[in-house]
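Commentary on secondary and tertiary structure
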Amino acid sequence: MANTSSTPERALFTADPQAGYRAHAADIRAAIDRALASGRYILGPEVEAFEREFAGYVGGGEAIGVANGTDAIELALRAVGVQPSDLVATVANTVSATAAAIVAAGARATFVEIDPVTMTMSPAALEETLQRAAGRVKAVVPVHLYGNPADMPAIMAAARRYGARVVEDCAQSHGAKIDGRMTGTWGEAAAFSFYPTKNLGALGDAGAVFTGDRSLAEQVRLLRQYGWRERYVSDLPGGNSRLDELQAAILRAKLPHLEAENAHRQALAARYGAMLAGGPVRLPESTRGAEPVWHQYAVRTPQRDVLRAYLETRGIHAGVLYPVPLHRQRAYADATVALAETERACAEVLCLPLHPGVRIEDVDRVAGAIRDWERG
Ligand SMILES: *Cc1c(COP(=O)(O)O)cnc(C)c1O
């Protein structure tokens, strides 16, 4: 019965939110019981405690829990003063949520070319966009894609020169640093998502705005609940983007494990790098000075679809994040921009299995399969 050689190899995926539950099941269940017994279910003591603990983790500011990461971007943009008809500069190789939030804030997205090596916003291209738009770009939303920090020192310098505010999209970068400083602490504000597959994931929807500016924090607090400073009295036309107690309690159970899980992701990424060096795919390269947290491990090859299909036959389900750049999607189409590097990246990226449920042996198996594919 214990003949392991005939045991089918387990399927590997780009993400596995259930693994994050299983690994901390007892802590999560205790947190849920505590929240259920409390009698408070929305914006109560669990949310307040999580906001404090998460702000402490990021460092030097305040966190405001909201309903999801998309809302976090929208509310942060509104808080920094984005108005209808303003432009907001971001990248096109991101999830629809980044642009959806810009539109929800009443603004229009304008897309900036990426650096071909790191696949994050090119500071030089941002400078060009800011210059061309002559004061109409109110805010910039760099995305720390795959957990690799964008070049924040250069992006902040460009934004400052043109008076644009910066809201970091940290949905994939919980704990990532550049020049020793956490992502989320560079711009005026930052948006985090705790969607179940993120590096810090809830078991439902959740998000947070982080900011070191107390008046921005106050604005976001008003915007997340009808603009209420005082109950039932609206100072602003805010909406409803409240975080619930169950998700906050679950996040409090998982936050203490984030550093260890990021370290595991870093070990897996290092193993991929060692096993695939000199092989058929281009390996991810981080921004100078960056400590990425490997939300995804995105390799590149012009043969992406062929490699992906081959890996499927070996029980390895690699993902494509993201296949269609936003400026090529009907909702956000922009024919005025030429983004050759962005389009090439979207055509070539393949995200290999990397998450806390993946083991070093799994990486060896994936790398071995890629080597087999190379040999044909
Ligand atoms: C997940 C994600 C979001 C949106 O977060 P939700 O919680 O799903 O709304 C925004 N930007 C990026 C880069 C993401 O990965």
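In short, a report on the structure.

Conventions used here
- Residues numbered from 1 in each chain as written.
- Predicted model: local features only at pLDDT ≥ 70, side-chain atom pairs only at ≥ 80, totals over all residues.
- Heavy atoms only, no water.
- Helix = DSSP H or I, 4+ residues; strand = E, 2+ residues; numbered from the N terminus.
- Buried < 20%, exposed > 50% of the residue type's maximum accessible area, 1.4 Å probe, protein only.
- Contact = heavy atoms within 4.5 Å.
- Areas by Shrake-Rupley, 256 points an atom, 1.4 Å probe, with all protein chains shown as cover.
- Lys, Arg positive; Asp, Glu negative; His and termini not counted.
- Charge placed at Lys NZ, Arg CZ, Asp CG, Glu CD.
- Near = heavy atom within 4 Å.
- Polar contact = N/O pair within 3.5 Å; in protein donor to acceptor, adjacent residues only side chain to side chain.
- Nonpolar A, V, L, I, M, F, W, Y, C, P; charged D, E, K, R; others polar.
- Pairing = 2+ DSSP bridges.
- Axes fitted to C-alpha atoms, helices over the stretch in contact; angles between N-to-C directions.
- Phe/Tyr/Trp six-rings, centres within 6.5 Å; stacked < 30°, edge-to-face > 60°.
- Lys NZ or Arg CZ within 6 Å of the ring centre and 35° of its normal.
- Core = buried A, V, L, I, M, F, W, Y, C linked by side-chain atoms within 4.5 Å.
- Disulfide = S-S within 2.5 Å.

Looking at the overall build of the protein
Assigned secondary structure in the protein consists of 13 helices and 16 strands. In the protein, which comprises 376 residues, the share counted as buried stands at 54%. Restricting the contact set of the protein to residue pairs at least 6 apart, pairs at least 24 apart contribute 72%. Element-wise, carbon and sulfur atoms account for 51% of the exposed surface of the protein, whose accessible area totals about 15800 Å². Computed over 40 positive and 43 negative side-chain charges, the separation of the two mean positions in the protein equals 1 Å.

Topic: the site of the ligand
Inspection of the region around the ligand gives 14 residues, with G69, T70, D169, S193 and K198 positioned closest. Contact between the ligand and T70: an oxygen atom at 2.5 Å from a side-chain N or O atom of the residue. Isolated, the ligand exposes 380 Å² of accessible area, and the fraction of that covered by the protein chains is 91%. Put simply, the parts of the chain that give the shell around the ligand at least two residues each are α4 (69-79) and α5 (96-104). Looking at the shell around the ligand residue by residue, the class counts come to five nonpolar, seven polar and two charged.

A few points about the side chain of H327
For H327, the location among the structural elements is in the loop between β15 (316-317) and α12 (340-348). Under the relative-accessibility criterion, H327 is labelled buried at 3%. Here E343 takes part through its side chain, which lies 2.8 Å from a polar atom of the side chain of H327. H327 has contacts with A92, F111, Y332, A333, D334, V337, L339 and E343, leaving out every residue within four places of it along the chain.

Brief notes about the sheet that holds strand β8 (residues 181-182)
In space, the three strands of this open sheet follow the order β8-β7-β13, with antiparallel pairing throughout. The sheet is open, and its two borders are formed by β8 and β13 (290-291), each paired with just one other strand. Where strand β7 (residues 177-178) lies against β13, two bridges are found, and the strand directions are antiparallel. Counted as the bridge partner of K177 is E291 from β13.

Details of the environment of P280
One can find P280 in the loop between α10 (258-276) and β13. On the basis of relative accessible area, P280 is assigned to the partly exposed category, the value being 27%. Taking the C-alpha atoms as reference points, P280 and I370, separated by 90 residues in sequence, lie 7.7 Å from one another. Setting aside its immediate chain neighbours within four residues, P280 contacts T301, I370, W373 and E374.

Structural notes on the sheet that holds strand β2 (residues 62-66)
Pairing is mixed across the open sheet formed by seven strands, whose spatial order is β2-β10-β9-β6-β5-β3-β4. Across the chains shown, the open sheet's two edge strands, defined by having one partner strand only, are β2 and β4 (108-111). Strand after strand, the sheet turns through a mean of 25 degrees between neighbouring axes, direction not considered. Bridge count for strand β5 (residues 137-141) against strand β6 (residues 165-169) is two bridges, and the pairing is parallel. Directly across from A139, in β6, lies its bridge partner R165.

Describing the packing of aromatic side chains
If you walk through the whole model with that rule in mind, you get nine aromatic pairs. Here the aromatic rings of F54 and F192 are separated by 4.9 Å at their centres, their planes lie at 85 degrees, and the arrangement is edge-to-face. Of this pair, F54 sits in helix α3 (residues 45-58) while F192 sits in strand β9 (residues 189-193), placing them 138 residues apart in sequence. Here F54 matches F192 in class, with each residue buried. Centroid distance Y226 to W228: 4.9 Å. Interplanar angle 65 degrees. Geometry classified as edge-to-face. Pairwise contacts between aromatic rings join F50, F54, Y57, F192 and F194 into one cluster. Against the face of W186 rests R181, its NZ or CZ located 4.2 Å from the ring centre.

Observations concerning helix α9 (residues 245-254)
For α9, a buried count of eight out of ten residues is recorded, marking the element as mostly surrounded by other parts of the structure. Every buried residue of α9 is accounted for by E245, Q247, A248, A249, I250, L251, A253 and K254. Buried residues along α9 sit in contact with α1 (17-23), α2 (25-38), α3 and α10. At the N-terminal boundary of α9, the capping side chain belongs to D244, with an oxygen 3.1 Å from the backbone nitrogen of L246.

What about the side chain of H295?
Looking at the element boundaries, H295 is found in the loop between β13 and β14 (297-300). Judged by its relative accessible area of 5%, H295 is buried. The contacts of H295, once residues within four sequence positions are left out, are Y146, G147, Q172, T197, K198, N199, R265 and L354.

Quick notes on the nonpolar core
Grouped together as the largest cluster of nonpolar side chains are 33 residues, with contacts concentrated most on L77, V82, V88, F111, V167 and V209. Counting only elements with at least two residues in this core, the list comes to β2, α4, α5, β4, β5, β9 and α8 (214-223). No other element matches α4, which puts six residues into this core. Setting aside chain neighbours within four positions, we find V167 in contact with A76, L77, V80, V140, V141, P142 and A189.

Here's the deal with the state of the cysteines
Enumeration according to the criterion identifies zero disulfides in this entry. Cysteine C170 remains unbridged, with the sulfur of C351 as its closest cysteine sulfur at 19 Å. Overall, the relative accessible area of 0% leaves C170 in the buried class. Cysteine C351 remains unbridged, with the sulfur of C346 as its closest cysteine sulfur at 11 Å.

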